[in-house]
Structures are given as C-alpha cells and as structure tokens.
Amino acid sequence: MAESEWQPQVRLQARTQASPSRGMTVEVTASFGFTRTGSSDDGRERQITTDISPTCMKQILDLQEAGATEDLHPIVAEAITESYFTEWGTRADGLRADFTSVSKISFRL
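Every chain begins its residue count from 1, and numbering advances along the sequence as written. Reporting in this predicted model follows two pLDDT cut-offs: at least 70 for local features of residues, and 80 or more for side-chain atom pairs to be given and counted; totals over whole chains, interfaces and linings ignore these cut-offs and use all residues. Note: side-chain values were computed over all heavy atoms of the structure, leaving out hydrogens and water.

J.: Could you give an account of the overall build of the protein chain, naming the residues involved and the relevant values?
T.: Only DSSP runs of H or I with at least four residues qualify as helices, and only runs of E with at least two residues qualify as strands; both kinds are numbered from the N terminus onward. A tally of helices and strands in the protein chain yields 3 helices and 3 strands. Burial status across the protein chain gives 35% buried among its 109 residues. The contact criterion used throughout is that any non-hydrogen atoms of two residues lie within 4.5 Å. Long-range contacts, defined as pairs at least 24 residues apart, comprise 65% of the intrachain contacts of the protein chain with a sequence gap of at least 6. Only the protein chains shown count as cover for residues, with accessible areas throughout obtained via the Shrake-Rupley method and a probe of 1.4 Å. Roughly 7,000 Å² of accessible area belongs to the protein chain as shown, and the carbon and sulfur atoms make up 46% of that amount. To sort residues, take the accessible area from a 1.4 Å probe on protein chains only and compare it with the maximum for the residue type: under 20% means buried, over 50% means exposed, and anything in between is partly exposed.

J.: So what about the environment of Ile60? Which residues, and what values?
T.: Turning to its location among the elements, Ile60 is positioned in helix H2 (residues 54–65). Between the alpha carbons of Ile60 and Ala79 there is a distance of 9.7 Å; along the sequence they are 19 residues apart. Setting aside anything within four residues of it in sequence, one finds Ile60 in contact with Met24, Ile52, Leu72, Ile75, Val76 and Phe107.

Okay, structure coming up:
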C-alpha cells in the first residue's frame with residue numbers, strides 16, 4: 001500500500017484511539033494578548049506546552065479534518081486559556097487570551 005493510501009488511515013486510527021477523557025497536548029509559540037478588567041499583563045510572545053480538554057481536542061480535530069489552519073487559532077487560544085492561564089478555572093477568573101501572532105502550533109495525542 002502506498003504512503004498516500006495508508007497515512008490517512010494511520011491518522012484516523014490514532015484520532016479514534018485517543019481517549020475522549022484524556023485530551024491532548026498542544027505546544028504553541030505565539031504572542032498572546034489578554035482581556036480582563038484590571039489586568040496589568042501586557043501581551044508578549046510565549047512558548048507554552050499544556051494539556052487541553054477532550055472537548056477542545058474534539059473541536060480541533062474536527063477543524064483539522066475539514067482542512068482548517070488559521071481557523072484553529074481561536075479554539076487553541078481558548079484551550080490554552082482554560083488549562084494554562086486559568087488553571088481549569090481555579091484562578092484569573094474572566095481572563096481571556098487571544099493570539100496576536102503565531103509562530104508554531106503542534107499537537108500530540
């Protein structure tokens with residue numbers, strides 16, 4: 001079987017086997033801008049590696065399957081806000097981080 005035939009099958013199998021309860025890991029190098037009343041954090045470039053929720057994972061995989069690239073940025077920024085900046089809702093209530101520029105995004109299941 002040629003690589004063009006098996007590679008999509010391997011990708012599909014990996015996605016199917018990814019645990020819906022586990023989520024995935026995202027690594028991002030991007031400039032983040034922040035929105036929050038009373039925030040003194042200026043946006044700056046950061047390199048972040050963090051786990052993201054199964055809900056965000058599904059949205060990202062669905063968008064990737066549809067061929068999205070830059071359309072991923074808002075959902076990835078939301079996922080990183082949830083896991084990294086607000087630590088799953090335990091701090092920085094109301095914070096929202098948005099990408100202002102992206103150098104790199106990679107995912108690991």
